[in-house]
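Coordinate analysis (summary)
Chain residues, written in single-letter form:
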Amino acid sequence: MENLVSRIAENLAGRVSGPMTFRLILQPVMAAFLAIRSGLKDAREGKPAYFWAIFTDPAHRRDMLQDGWKSVGKVFILAIVLDAAYQFIALRWFYPVEAMLVAAILALIPYLLMRGPVNRIAKRRP
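Presented here is a report on the structure given in the accompanying data block.

Reading the values: the criteria
Sequence order as written defines the numbering, with residues in each chain counted from 1. A pLDDT threshold of at least 70 governs which residues receive local features in this predicted model, and a stricter bar of 80 or more applies before side-chain atom pairs are shown or counted, although totals over entire chains, interfaces and linings include all residues. Side-chain numbers come from the whole structure's heavy atoms, not from hydrogens or water. What counts as a helix is a DSSP run of H or I of at least four residues, what counts as a strand is a run of E of at least two, and both are numbered from the N terminus. What a helix is expected to span follows from its residue count: subtract one and scale by 1.5 Å. Here the bend at a residue means the angle between the axes of two seven-residue stretches, the one that ends at it and the one that starts at it. Centre distance within 6.5 Å is the pairing criterion for rings of Phe, Tyr and Trp, where only the six-membered ring of Trp is used; planes under 30 degrees apart are then read as stacked, over 60 as edge-to-face, and the remainder as tilted. We call a residue buried when its accessible area falls under 20% of the maximum for its residue type, exposed when it is over 50%, and partly exposed in between, using a 1.4 Å probe and counting protein chains only. Consider the ring centre and the ring normal. A charge sits over the ring if Lys NZ or Arg CZ is within 6 Å of that centre and within 35 degrees of that normal. Fitted lines through C-alpha atoms serve as axes, helices being fitted only where they are in contact, and the angles separating the N-to-C directions of these axes extend from 0 to 180 degrees. Here is the rule for handedness: rotate from the far helix to the near one, and if that takes an anticlockwise turn smaller than a right angle the crossing is left-handed, while a clockwise turn gives right-handed. Should any heavy atoms of two residues lie within 4.5 Å, those residues are considered in contact. All residues other than Ala, Val, Leu, Ile, Met, Phe, Trp, Tyr, Cys, Pro, Asp, Glu, Lys and Arg, Gly among them, are scored as polar; the first ten of these are nonpolar and the last four charged.

**With respect to helix H4 (residues 61–91)**
Given a rise of 1.5 Å per residue, 31 residues ought to cover 45 Å, yet the end C-alpha atoms of H4 are separated by just 39 Å, more than 12% below that figure. Largest kink in H4: about 55°, centred on Val72.

Following this line, the structure appears as structure tokens:
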């Protein structure tokens, strides 16, 4: 298990200086753009902040998760595909768990962190 964790940490660190580093900027920017767009739409429709509402509104949780996936799903899939390409180029192998972890870091986390605050900021503006 220790070997697995050290290999994953080493491989993740190698992505920063390896080939295809443009995706480390491009994918979070794309996720942030989609989050801003969805957050503004939520503000217009009077919906609560996204990330917080997922945990506090169980009645609408499924609908919110489907809406979020519809918005950021393509960026997440693209992140997996680009990470797979990186792995084949740099590592000569494919590690699916690492690809999912990288995709979550590059696509899902920026989306979740941006959508709610954008909604709240947009609601405060006249």
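**Details of the packing of aromatic side chains**
Taken as a whole and assessed by the stated rule, the structure comprises 4 aromatic pairs. With a centroid separation of 5.2 Å and an interplanar angle of 85°, the aromatic rings of Phe51 and Phe55 are classed as edge-to-face. A residue pair is termed a helical-turn pair when its members lie 3 or 4 positions apart in one helix, as Phe51 and Phe55 do in helix H3 (residues 50–56) at 4 residues. Between Trp69 and Phe76, the ring centres sit 5.4 Å apart and the planes meet at 65°, which makes this aromatic pair edge-to-face. On the basis of relative accessibility, which here comes to 43%, the residue Trp69 falls in the partly exposed class. For Arg7, the ring lying beneath its charged end belongs to Tyr95, and the centroid distance is 4.0 Å.

**Concerning the packing of H4 against helix H5 (residues 96–124)**
At their nearest, the axes of H4 and H5 sit 8 Å apart, and the two run at 145° to each other. For the element pair H4 and H5, the recorded crossing hand is right-handed. Between H4, through Asp67, Gly68, Trp69, Ser71, Val72, Val75, Phe76, Ala79, Ile80, Asp83, Gln87 and Leu91, and H5, the contact on the second element is made entirely by Glu98, Ala99, Met100, Val102, Ala103, Ala104, Ala107, Leu108, Tyr111 and Arg115. Of the residues assigned to the contact of H4 with H5, the class counts are 15 nonpolar, 3 polar and 4 charged.

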